[in-house]
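Residues per chain, in single letters:
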Amino acid sequence: MSDETTPVLIGGGQFTWRGDPGSSPSPTALLKIAAERAALDAGLDTSALAATDGLAVISFAIDAPGERRVMPHSTNPPLTLSRRLGASPDWSVYTRAGGNSSQYAINVAAQRISEGRNRQVLVVGAEFMGSGVKRLTRGLGFEDWDDADNLPPPEWIGDGRPGVSPYEAVHGMDRPIHIYPLFENALRARDGRSIDDHQRRLGELFAPFTRVAASNPEAWFQVERSPEELVAVTPANRMIGFPYPKFLNAIMDVDQSAGVLMTSLARARELGVSEDRMIFLHGCADANDIWNPIERQDFHSSPAMRLTGERALEMAGVTLEDIVAFDLYSCFPSAVQVGAEALGLALDDPRGFTVTGGLPYAGGPGNNYAMHGVVAMMQRLRERPGSFGLCTANGWYLTKQSTGVYSTRRPLKAFERQDPSVLQSRIDALPRPTVIERPSGRGRIETYTVIHEREGFRMGVIVGRDESDRRFAAIIPGTEAEALASLEVREGVGRTGTLSRSADDRRNLFTLD
């Protein structure tokens with residue numbers, strides 16, 4: 001095992017802007033701040049960033065497919081940032097959309113270092129929707145954001161497919177706040193809990209996350225909340241997509257950045273980085289679940305989470321019992337529950353599931369949340385030398401999964417990332433239900449959610465099975481207030497109804513019995 005090719009994380013930096021939105025840092029400025037903090041965390045002068053020969057920037061949410069808001073930013077964020085740092089990396093990439101992107105990019109960067117293709121890599125991301133939206137709605141302008149360069153497009157890495165099919169999208173399965181509740185209601189029904197009992201369980205699951213966020217100086221909401229407060233529907237905590245009121249949803253409109261500086265072990269020693277700053281990636285894995293949620297075996301499990309967890313632990317040569325801290329991707333409670341189950345963790349595991357406070361409280365900055373988890377994990381492991389931590393990252397709708405196992409302990413074997421196609425072939429071979437796009441006759445609900453407007457119902461989203469057990473998607477219009485209200489007080493999974501087509505022949509309608 002050569003020092004020249006052993007990858008190591010030498011520094012991690014985070015930044016949260018809470019000031020006047022009219023003077024908020026530009027997207028590139030946010031990236032640069034995190035990069036400089038990562039260098040300082042490694043004990044280096046920020047000028048060391050000019051020697052970066054590899055750069056991966058996590059894509060901004062504004063560049064995600066289907067995003068309609070327009071805010072000025074560079075057409076090639078990696079190139080713009082490189083110029084600000086005085087660097088000329090020969091590997092310069094921008095990730096595709098997905099919350100898996102941070103861990104995925106770290107895994108790829110570690111592989112490149114292990115293969116001798118890079119010696120110093122910066123992986124960094126930022127989100128600016130918090131101030132950006134306020135600038136748009138308040139007419140504050142963007143004249144001081146000077147990074148809207150007209151550059152050639154970047155090189156992309158990652159899977160850039162849309163998160164759902166047109167069939168799913170037209171039936172309301174087109175946003176995280178619409179799809180993750182489908183997983184949650186499926187979990188509740190599978191486990192046979194009442195709606196009230198399950199709501200209490202959700203509050204008890206996420207209250208410890210708020211406690212961690214309250215003590216995290218970079219958290220967006222530094223407020224500890226009780227289990228009861230998290231699930232009680234109030235004007236301040238309105239229902240978004242049943243069963244999730246606002247406090248159980250990831251917060252996207254934030255101004256945050258985070259990044260890590262990675263080198264070979266030999267390069268770290270050249271730079272004079274102290275051994276007690278070094279964090280090694282012992283194990284990693286990447287895989288996608290069956291891409292479209294409508295085609296998955298069920299709505300309460302993730303084979304990709306299970307397999308990437310198993311592979312990362314196997315590569316690291318450790319077990320769950322060796323892990324002292326976890327940061328499970330936490331955009332919604334269903335993601336944490338499915339992730340914990342996939343890893344084999346009990347929901348009351350005393351080690352907890354977050355080192356940041358999670359996406360609803362520490363902040364869910366677009367595709368870059370998991371980077372905050374890694375940076376926080378680095379500090380946690382430095383405080384407990386020789387221990388191991390595990391981070392997961394989830395993209396789209398329990399779709400794209402990446403996992404990393406970290407420690408201050410130097411690995412005993414060379415870093416060797418398994419080709420993701422090995423796990424992917426196992427997932428792609430899983431059986432899938434038959435999907436019918438134009439069902440008719442009778443049907444029963446497999447899972448569902450009720451989507452709320454600020455005032456009243458928007459619609460119900462139904463995934464069901466017809467009389468031939470073929471899966472379908474349908475909606476219940478928002479005008480069917482009595483039917484929608486009943487789905488929030490009485491279990492909807494298993495209930496039956498009649499299928500028809502909308503007047504414009506675009507969507508399936510479900511009329512509840």
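Details of the structure are given in the entry above.
How each quantity is defined
- Residues numbered from 1 in each chain as written.
- Predicted model: local features only at pLDDT ≥ 70, side-chain atom pairs only at ≥ 80, totals over all residues.
- Heavy atoms only, no water.
- Helix = DSSP H or I, 4+ residues; strand = E, 2+ residues; numbered from the N terminus.
- Rg over C-alpha atoms; globule rule 2.2 N^0.38 Å.
- Buried < 20%, exposed > 50% of the residue type's maximum accessible area, 1.4 Å probe, protein only.
- Contact = heavy atoms within 4.5 Å.
- Expected span 1.5 Å × (residues − 1).
- Core = buried A, V, L, I, M, F, W, Y, C linked by side-chain atoms within 4.5 Å.
- Pairing = 2+ DSSP bridges.
- Axes fitted to C-alpha atoms, helices over the stretch in contact; angles between N-to-C directions.
- Salt bridge = Lys/Arg side-chain N within 4 Å of Asp/Glu carboxyl O.

Once that is clear, we can look at the overall build of the chain. On a plain count of helices and strands, the chain comes out with 14 helices and 17 strands. In terms of overall dimensions, the chain is globule-like: its C-alpha atoms have a radius of gyration of 23 Å, near the 24 Å expected for 513 residues. Across its three principal axes, the chain shows a C-alpha extent of roughly 70 × 55 × 40 Å. By residue count, 61% of the 513 residues in the chain fall in the buried class. Partitioning the contacts of the chain with sequence separation of at least 6, the portion at a separation of at least 24 is 77%.

Attention now goes to helix α1 (residues 27–41). Between its first and last C-alpha, α1 extends 21 Å over 15 residues, near the 21 Å set by a 1.5 Å rise per residue. Listing the buried residues of α1 in full gives P27, T28, L30, L31, A34, A35, A38, A39 and D41. The inward-facing, buried residues of α1 contact β1 (7–16), β2 (54–58), α2 (77–85), β4 (120–127), β8 (256–264) and α12 (369–383). One or two positions beyond α1, positive phi appears at G43, with a value near 85°.

The subject of this paragraph is unusual backbone geometry. The omega torsion across F242 and P243 is 15°, close enough to zero to call that bond cis. Position of P243 relative to the elements: it lies in the loop between β6 (239–241) and β7 (244–245). The backbone phi angle of L398 is positive, close to 55°, even though this residue is not glycine. Tracing the backbone shows L398 in the loop between β11 (388–395) and β12 (400–407). A residue is classified by how much of its surface remains accessible, and L398, at 1% relative accessible area, is buried.

Here we come to the environment of G373. On the secondary structure map, G373 appears in helix α12. Separated by 99 residues in the primary sequence, G373 and F472 place their C-alpha atoms 37 Å from one another. Those residues within four positions of G373 in sequence are excluded, and the remaining contacts are D327, V355, T356 and C391.

What follows is about the nonpolar core. Judged by nonpolar contacts, the single largest core of 80 residues is most densely connected at Y180, V405 and F510. With seven residues, helix α7 (residues 195–214) is the single largest residue contributor to this core. In contact with Y180, not counting residues within four places along its chain, are Y244, C331, F332, S334, A335, N394, W396, Y397 and L398.

Ordered in space as β9-β12-β11-β10, the four strands form an open sheet in which the pairing is mixed. Strands with a single pairing partner mark the edges of an open sheet, and in this sheet they are β9 (280–288) and β10 (323–327). For this sheet, the mean inter-axis angle between neighbouring strands, taken without regard to orientation, is 15°. Strand direction decides the pairing type here: β10 and β11, joined by four bridges, are parallel. Residue pairing in the sheet places I323 in a bridge with F388 of β11. Contacting β10, β11 and β12, α12 runs over the sheet at an angle of about 175° to β11.

Here we take up the pattern of salt bridges. Per the stated rule, a full pass over the model turns up 35 salt bridges. The shortest N-O distance in the salt bridge between E270 and R267 comes to 3.3 Å. With E270 and R267 both in helix α9 (residues 265–271) and three residues apart, the pair spans about one turn of that helix. With a closest N to O distance of 3.6 Å, R306 and E310 form a salt bridge.

Turning next to the sheet that holds strand β3 (residues 91–95). Read from one edge to the other, the open sheet built from six strands follows the order β1-β8-β4-β2-β3-β5, with strand pairing classed as mixed. Only two strands of the sheet have a single partner each, and these edge strands are β1 and β5 (155–157). Between one strand and the next, the sheet's axes are offset by a mean angle of 20°, whatever the strand orientation. Pairing geometry for β2 and β3, over four bridges, is parallel. Bridge pairing in β3 places V57 opposite Y94. Along the sheet, helix α3 (residues 101–114) makes contact with β1, β2, β3, β4, β5 and β8, crossing β8 at roughly 15°. Against the sheet, α12 engages β1, β2, β4 and β8, with an angle of about 115° to β1.

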